[in-house]
Amino acid sequence: MELNKTNSGNRIHIGFFGKVNAGKSSIINAFAKRDISIVSDKKGTTTDPVYKSMEIKSLGPCLLMDTPGITDDTELGEKRLKRTEEVILKTDIAVVVVSDRDTSSEKELIKKFKETPVLVLINKIDELSKEDIKKIRDDFSAFKVVEVSAIKNQGFDIFLEELLKFKPKKEEKLFDGLVEKKDLVLLVIPQDIAAPKNRLILPQVQAIRELLDKNAMVMMVKLEELSDILLILNKKPNLIVADSSVFLEVYEKKPADVKLTSFSVLFAKLKGDIDEYMRGVEALKKLNENSKILIAECCTHAPAEEDIGRIKIPNMIRKKVGENLKVDVNSGSAFPENISDYDLIIQCGGCMLNSKNIKNRINTAQEKSIPITNYGIVIAYFKGILDKIDF
């Protein structure tokens with residue numbers, strides 16, 4: 001990721017859905033004014049979701065997502081439909097493209113969006129009759145409908161106008177309720193084997209930027225110099241943010257009246273459901289050596305020798321319940337299909353996924369009555385300081 005670009009997890013995800021050859025790719029290309037997706041009359045041209053980052057006026061940083069057609073009857077159609085359903089789980093705004101009178105497939109599709117706002121685009125108005133357009137409008141009378149022609153480049157000013165109405169009312173922040181103007185915040189950033197060479201990781205960068213935007217004072221230090229910096233400072237920090245891996249060490253060194261949290265916990269609050277995570281951690285008390293847990297990484301990365309999710313957390317749990325504990329690791333934005341097999345799901349902070357994706361993961365776990373929690377909360381629990389952290 002380039003340093004001057006917004007991470008995809010902090011972008012508004014706009015998904016384009018519809019039948020094969022409805023014109024989704026052509027619409028995205030016309031709207032973005034560049035060739036993003038391959039366009040062809042051949043069925044099933046879009047085989048996998050295609051993503052393009054762009055800025056959209058008052059919406060800000062967005063991610064356009066082109067999806068395979070929902071009526072793809074080619075050999076790989078079923079797999080492509082599964083990919084489309086994964087995109088649905090992270091869609092903040094759904095654009096459903098309709099280009100013919102038969103709207104039965106699109107009606108079924110819209111049911112999947114639940115609380116996601118939907119905008120219906122009637123494409124190919126240069127080919128459709130007035131009767132066809134009226135019929136489609138009547139079929140989607142409960143939604144905002146915009147008429148466009150990707151080929152003729154018509155209607156996109158109105159499409160943009162309607163899209164901008166979906167701007168979130170309030171942008172939530174990592175430090176809401178924790179930090180005020182002129183507060184001093186100390187970030188404890190370990191430089192161990194897991195730390196990337198010559199750079200900071202995304203949660204650290206995002207925290208620094210937000211603190212600067214809040215006109216707070218921010219300092220960074222390694223764990224080894226924490227005691228030294230606390231002696232040097234003329235005022236105590238208002239808040240210390242630590243990497244979850246050094247939670248206990250920081251807790252033991254900090255002044256008793258200084259608040260403590262971690263990057264993982266902050267992201268859990270920002271993007272997920274911190275209360276559900278706190279309930280989920282209670283499942284640790286019920287685990288035994290015959291239990292099975294899922295470590296759910298929200299992105300793919302090269303695991304380090306002392307990886308928190310793959311090594312440290314499983315070792316903490318095995319030390320308590322026994323070495324036979326079964327641990328599986330899943331990477332990416334979607335859960336495996338067999339989550340009912342697990343007694344507990346433990347997921348990372350989710351800095352690379354948007355809030356909609358994280359919350360849908362939590363909802364999926366809730367629907368199947370599987371407890372779910374978060375890396376930082378699990379570590380605080382095992383270190384005996386869960387009731388001492390702030391969020």
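To be clear, the structure that these remarks concern was listed above.
Summarised in this report is the structure supplied together with it. (Residues numbered from 1 in each chain as written. Predicted model: local features only at pLDDT ≥ 70, side-chain atom pairs only at ≥ 80, totals over all residues. Heavy atoms only, no water.)

A few words now on the sheet that holds strand S10 (residues 259-262). Ordered in space as S8-S7-S9-S10, the four strands form an open sheet in which the pairing is parallel. Each end of this open sheet is capped by a strand with a single partner; those strands are strand S8 (217-221) and S10. Ignoring strand direction, the axes of neighbouring strands in this sheet form an average angle of 20°. Taken together, the four bridges between strand S7 (residues 184-188) and strand S9 (residues 239-242) define a ladder with parallel strand orientation. When the bridges of S9 are listed, valine 188 appears paired with alanine 242. Packing against the sheet, helix H9 (residues 263-271) makes contact with S7, S9 and S10, and its axis sits at approximately 75° to S10. (Pairing = 2+ DSSP bridges. Helix = DSSP H or I, 4+ residues; strand = E, 2+ residues; numbered from the N terminus. Axes fitted to C-alpha atoms, helices over the stretch in contact; angles between N-to-C directions. Contact = heavy atoms within 4.5 Å.)

With that settled, the discussion passes to the packing of helix H11 (residues 308-321) against helix H13 (residues 375-382). Closest axis-to-axis distance for the H11/H13 pair is 11 Å, and the angle between their directions is 35°. In the crossing of H11 with H13, the sense of the turn from one axis to the other is left-handed. Side by side, H11 and H13 meet where Ile308, Gly309, Ile313, Met316, Ile317 and Lys320 of the first sit next to Tyr375, Val378, Ile379 and Phe382 of the second. Taken together, the residues of the contact of H11 with H13 sort by class into eight nonpolar, one polar and one charged. (Left-handed = near helix turned anticlockwise from the far one by under 90°. Nonpolar A, V, L, I, M, F, W, Y, C, P; charged D, E, K, R; others polar.)

What follows concerns unusual backbone geometry. At asparagine 21, a position not held by glycine, the phi torsion is positive, near 65°. Looking at the element boundaries, asparagine 21 is found in the loop between strand S1 (12-18) and helix H1 (24-32). Phi at serine 369 is positive, roughly 55°, even though this residue is not glycine. By secondary structure assignment, the location of serine 369 is in the loop between helix H12 (355-367) and strand S14 (372-374).

Take H13 next. Among the eight residues in H13, seven count as buried, and that is most of the element. Taken together, the buried positions of H13 are Tyr375, Gly376, Ile377, Val378, Ile379, Ala380 and Tyr381. The distance from a side-chain oxygen at the start of H13 to the backbone nitrogen of glycine 376 is 2.9 Å, and the residue carrying that oxygen is asparagine 374. Where H13 ends, the next residue or the one after it, glycine 384, has phi of about 75°, a positive value. (Buried < 20%, exposed > 50% of the residue type's maximum accessible area, 1.4 Å probe, protein only. Polar contact = N/O pair within 3.5 Å; in protein donor to acceptor, adjacent residues only side chain to side chain.)

Geometrically, a packed helix pair is captured by the angle between its two axes and the distance between the axes. Contact geometry for helix H6 (residues 202-213) and H9: axes closest at 10 Å, N-to-C directions at 75°. Relative to H9, the element H6 is oriented roughly perpendicular. The residues of H9 that touch H6, namely those facing Pro203, Gln204, Gln206 and Ala207, are Phe263, Phe267 and Leu270. Residue composition of the contact of H6 with H9, by class: five nonpolar, two polar and no charged. (Parallel < 35°, antiparallel > 145°, perpendicular 65-115°, else oblique.)

Moving on: the pattern of salt bridges. Scanning all chains against the criterion turns up 22 salt bridges. Here lysine 292 makes a salt bridge to aspartate 328, at a shortest N to O gap of 3.9 Å. On the criterion of sequence distance, the pair formed by lysine 292 in strand S11 (residues 292-297) and aspartate 328 in strand S12 (residues 326-331) is long-range, its members being 36 residues apart. One continuous salt-bridge network, built from bridges that share partners, spans Lys19, Asp100 and Glu106. (Salt bridge = Lys/Arg side-chain N within 4 Å of Asp/Glu carboxyl O.)

Turning next to the sheet that holds S12. Whether parallel or antiparallel, the strands of a sheet pair through hydrogen bonds between backbone atoms. If you walk across this open sheet you meet the four strands as S12-S11-S13-S14, and the pairing is parallel. Two strands lie at the open edges of the sheet, namely S12 and S14, each paired on one side alone. Here the strands of the sheet are splayed against their neighbours by 25° on average, with no regard to which way each runs. In the sheet, strand S13 (residues 344-347) pairs with S14 via three bridges, with the strands oriented parallel. Within S14, the residue paired with glutamine 347 across the bridge is asparagine 374. Contacts from H11 reach S11, S12 and S13, with the element oriented near 155° to S11.

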